[in-house]
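# Close look at the chain arrangement
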Amino acid sequence: MTNTFTLDDLDAAIEQQFNPFVFVAGDEEFKLRNVVRLGEKERNTVLDQLKAMENLQQAEEDGTLDIKDVVSVIQTILKTVTADGKGAKLVKVVGDDPMRNRVLLEKWMEATQTGEAQRSSV
C-alpha cells in the first residue's frame, strides 16, 4: 500500500469537495462555481453583492425596497459565479422574475455552502 498523494489527487479532492452547482435549462448547462473557487476579483464582487443583499433586507424592513434592486444584485452574483463566460446567458434564461432569481440563488448557496472546519484530533 502506498502513501502517495499526487497533484492530480489533490485537484480531484478539491473538485469533489468544492464542485460547482449545475443548473440545466433545456440543452444548456450552467456551472455555478463555489465562491472559494473564484478568482480574487470575482470573489470580492460576490461578497460585495452579498453585503448589498443585507442592506436591501434593511430597506425591506423600512418599506423602501425596490424589487428591481434585489433582482439586479442577484443577477450580478449569478453572472459572476457562472463558469465559462455564460453568466449573461444564464441571466437571460432566468429572466427578471424575482422568484426565479431568488430561488436559483438560494439553491446555489445551499449546494456550495462550505461546511465548518472540523477540529483536528491531533
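Up top is the structure.
These numbers come from a predicted model, not from an experiment.

As judged from the five bridges shared by strand 1 (residues 21-25) and strand 2 (residues 28-32), these two strands associate in the antiparallel manner. Each bridged residue has a counterpart across the sheet, and for Val-22 the counterpart in strand 2 is Lys-31.

Here the focus is the layout of surface pockets. Counted as a void, the largest pocket has a volume near 380 Å³. Going through the elements one at a time, helix 2 (40-62), helix 3 (67-81) and helix 5 (98-112) are the ones with two or more residues in the lining of the largest pocket. Counting residues per element, the lining of the largest pocket draws most heavily on helix 5, at six residues.

Tallied over the full model, the rule gives four salt bridges. A salt bridge links Glu-42 to Arg-33; the nearest nitrogen and oxygen atoms lie 3.2 Å apart. Here Glu-42 falls in the partly exposed class, since its relative accessible area comes to 29%. One network of salt bridges, in which partners are shared, links Glu-28, Lys-86 and Lys-89.

Along the chain, the position of Arg-37 falls in the loop between strand 2 and helix 2. For Arg-37, a relative accessible area of 41% gives the class partly exposed. As a C-alpha pair, Arg-37 and Val-81 span 44 residues in sequence and 9.2 Å in three-dimensional space. Contact partners of Arg-37, with chain neighbours within four places excluded, come to Ile-14, Glu-15 and Phe-18.

Attention shifts here to the nonpolar core. Leu-32 and Trp-108 are the most contacted members of the largest nonpolar core, which totals 20 residues. At six residues, helix 3 tops the list of elements feeding residues into this core. Look past the residues within four positions of Trp-108 in its chain and what remains in contact with it is Phe-21, Leu-32, Arg-33, Asn-34, Val-35, Val-46, Ile-77 and Val-81.

This brings us to helix 5. Compared with the 21 Å implied by 1.5 Å per residue over 15 residues, the 21 Å span of helix 5 between its first and last C-alpha is a close match. Along helix 5, the residues classified as buried are Asn-101, Leu-104, Leu-105, Trp-108 and Thr-112. Seen from one end, helix 5 has its buried residues packed into an arc of 100°, which puts them on one side. Against the buried residues of helix 5 lie strand 1, strand 2, helix 2, helix 3 and helix 4 (87-94). Sitting at the amino-terminal end of helix 5 is Asp-97, which places a side-chain oxygen 2.8 Å from the backbone nitrogen of Met-99.

Definitions and limits used
- Residues numbered from 1 in each chain as written.
- Predicted model: local features only at pLDDT ≥ 70, side-chain atom pairs only at ≥ 80, totals over all residues.
- Heavy atoms only, no water.
- Pairing = 2+ DSSP bridges.
- Helix = DSSP H or I, 4+ residues; strand = E, 2+ residues; numbered from the N terminus.
- 1 Å grid on protein atoms, 1.4 Å probe; cavity = no way out; pocket = protein on both sides within 12 Å on 5 of 7 lines; lining within 4 Å.
- Points joined across faces, edges and corners; volume = space filled by probe spheres on them.
- Salt bridge = Lys/Arg side-chain N within 4 Å of Asp/Glu carboxyl O.
- Buried < 20%, exposed > 50% of the residue type's maximum accessible area, 1.4 Å probe, protein only.
- Contact = heavy atoms within 4.5 Å.
- Core = buried A, V, L, I, M, F, W, Y, C linked by side-chain atoms within 4.5 Å.
- Expected span 1.5 Å × (residues − 1).
- Arc of directions from axis to C-beta.
- Polar contact = N/O pair within 3.5 Å; in protein donor to acceptor, adjacent residues only side chain to side chain.

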